[in-house]
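Chain residues, written in single-letter form:
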Amino acid sequence: MLRIRNLNKSFGDLHVLKDIDMKVLESDVVCLIGSSGSGKSTLLRCLNFLEKRDSGQILIEGEEVNPETQNINKVREKVGMVFQHFHLFPHMTVIDNIIEAPVHVKKVPKKQALAEAKELLRKVGLEDKADVYPSKLSGGQKQRVAIARAMAMKPDVLLFDEPTSALDPELVGEVLSTMKELAEDGMTMVVVTHEMSFAREVSDWIVFMQEGRVIESGPPEEFFTNPKETRTKEFLQTTV
Ligand code: ADP
Ligand code: MG
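The rules behind each value
Residues numbered from 1 in each chain as written. Chains lettered and ligands numbered in written order. Predicted model: local features only at pLDDT ≥ 70, side-chain atom pairs only at ≥ 80, totals over all residues. Heavy atoms only, no water. Helix = DSSP H or I, 4+ residues; strand = E, 2+ residues; numbered from the N terminus. Rg over C-alpha atoms; globule rule 2.2 N^0.38 Å. Buried < 20%, exposed > 50% of the residue type's maximum accessible area, 1.4 Å probe, protein only. Contact = heavy atoms within 4.5 Å. Lys, Arg positive; Asp, Glu negative; His and termini not counted. Charge placed at Lys NZ, Arg CZ, Asp CG, Glu CD. Axes fitted to C-alpha atoms, helices over the stretch in contact; angles between N-to-C directions. Parallel < 35°, antiparallel > 145°, perpendicular 65-115°, else oblique. Left-handed = near helix turned anticlockwise from the far one by under 90°. Nonpolar A, V, L, I, M, F, W, Y, C, P; charged D, E, K, R; others polar. Salt bridge = Lys/Arg side-chain N within 4 Å of Asp/Glu carboxyl O. Polar contact = N/O pair within 3.5 Å; in protein donor to acceptor, adjacent residues only side chain to side chain. Core = buried A, V, L, I, M, F, W, Y, C linked by side-chain atoms within 4.5 Å. UniProt positions renumbered as here; feature names shortened; annotations may be inferred. Phe/Tyr/Trp six-rings, centres within 6.5 Å; stacked < 30°, edge-to-face > 60°.

Taking an unreviewed UniProt entry as the reference, the protein chain is identified by name as Amino acid ABC transporter ATP-binding protein belonging to Peribacillus psychrosaccharolyticus.

Quick look at the structure:
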């Protein structure tokens, strides 16, 4: 579904992503872990073309994506993103947040977009919140709306950047279970998270980054029980 080859990115003199190679198979959940500053957000932002890579290739479904020569909005339709701080439009109701991009970017007829949005709200357990404004929702509910909004574009891949880090602890579980259901429905997902039990239980593949490099990757069982690299072992000792 997604392939990254030799990706490099610097901010001025700061080399943030170093020769990143990674692949994400269809319907897989890949968890991206690593301490703060290791380049996880920058990698996700490159995958969504919010950030321009310096070199390397990004292939979606086997096709190289080049924002310099291709319509960036078309490309972004394929890759959805859910942020730590939700980024809902505060002046729009929940349902209007969800139909905004399908109607205005994808030109889906409004009636159809509304029906699909209602179905998505049902999926994330918020069918009764269609007509309220985001300010009336808890953080967990806002994040579930943000997930529904991203899904409304029917992306091939959904990227999550620490989706539960801004939430009160008692609200983390509802968002993780929504994500788990998406995963069970076969959604292809790349998730930056510090929730190691989620990573262990839900992901098909773990990628551990440090200082802009992929240090180790593998299936969760092996990664958590038998890490090979010293740096991975040290990281796991500090988090688990
Ligand atoms: P992580 O998400 O793993 O915490 P980030 O990708 O946010 O890491 O950041 C990696 C490094 O890049 C950090 O040193 C950060 O300060 C730097 N960085 C991130 N975004 C920018 C930017 N827009 N300009 C300059 N430096 C940045
Ligand atoms: Mg980050």
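Caption draft 1: View of the overall build of the protein chain. Looking only at helices and strands, the protein chain has nine helices and ten strands in total. For 240 residues, the compact-globule formula gives about 18 Å, and the C-alpha radius of gyration of the protein chain, at 18 Å, lands near that figure. With the C-alpha coordinates of the protein chain rotated into their principal frame, the extents come out at 55 × 45 × 30 Å. For the protein chain, buried positions account for 50% of its 240 residues. Long-range pairs, those at least 24 residues apart, make up 64% of the contacts in the protein chain with a sequence separation of at least 6. Once the 31 positive and 37 negative side-chain charges of the protein chain are each reduced to a mean point, those two points are 4 Å apart.

Caption draft 2: Structural detail: the packing of helix α5 (residues 139-151) against helix α6 (residues 169-184). It is at 8 Å that the axes of α5 and α6 come closest, and there the two elements cross at 20 degrees. Taken together, the axis directions place α5 and α6 in an arrangement best described as roughly parallel. The handedness of the crossing between α5 and α6 comes out as right-handed. In this structure, α5 contributes G139, G140, Q141, Q143, R144, I147 and M151 to the contact, and α6 contributes L171, E174, V175, T178, M179 and L182. Along the lines of polarity and charge, the residues of the contact of α5 with α6 split into six nonpolar, five polar and two charged.

Caption draft 3: Representation of the pattern of salt bridges in the model. If you walk through the whole model with that rule in mind, you get nine salt bridges. Between K123 and D185 there is a salt bridge, with the nearest N and O atoms lying 3.4 Å from each other. Here the residue K123 occupies a position in helix α4 (residues 110-123), and D185 occupies one in the loop between α6 and β8 (188-192), the gap between them amounting to 62 residues. With a closest N to O distance of 2.9 Å, E174 and R144 form a salt bridge. Taken together, the residues span a long stretch of sequence, with E174 in helix α6 and R144 in helix α5 at a distance of 30 residues. We classify E174 as partly exposed; its relative accessible area is 25%.

Caption draft 4: Fine view of the side chain of T193. For T193, the location among the structural elements is in the loop between β8 and α7 (196-202). Here the side chain of T193 touches E195 through a polar contact of 2.9 Å, landing on its backbone nitrogen. Look past the residues within four positions of T193 in its chain and what remains in contact with it is C31, L32, I33 and A199.

Caption draft 5: Looking closely at the nonpolar core. Judged by nonpolar contacts, the single largest core of 51 residues is most densely connected at L158, F160, M179 and M189. A total of seven residues in this core trace back to one element, the largest contributor, which is α6. Those residues within four positions of L158 in sequence are excluded, and the remaining contacts are G80, M81, V82, A150, M151, L182, M187, T188, M189 and V190.

Caption draft 6: Quick look at the UniProt feature "domain: ABC transporter" (unreviewed entry) in the protein chain. Mapped onto the present numbering, the UniProt feature "domain: ABC transporter" (unreviewed entry) falls on residues 2-236. For residues 2-236, the helix share is 38%, the strand share is 26%, and the end-to-end C-alpha distance is 27 Å.

Caption draft 7: A look at the packing of aromatic side chains. For the structure shown, the criterion picks out three aromatic pairs. Seen in terms of ring centroids, F208 and F235 are 4.8 Å apart; in terms of plane orientation they differ by 35 degrees. Their pairing is tilted. Placement of F208 in strand β9 (residues 205-210) and of F235 in helix α9 (residues 230-239) is noted, with a sequence separation of 27 residues between them. With respect to class, F208 is no different from F235; both count as buried. Pairing F223 with F224 gives two aromatic rings, centres 5.3 Å apart and planes at 85 degrees, and the pair type is edge-to-face. Classification of F223 as buried rests on a relative accessible area of 2%. Relative accessible area serves as the criterion here: at 11%, F224 is assigned to the buried category. Members of the aromatic cluster, connected to one another through ring pairs, are F208, F223, F224 and F235.

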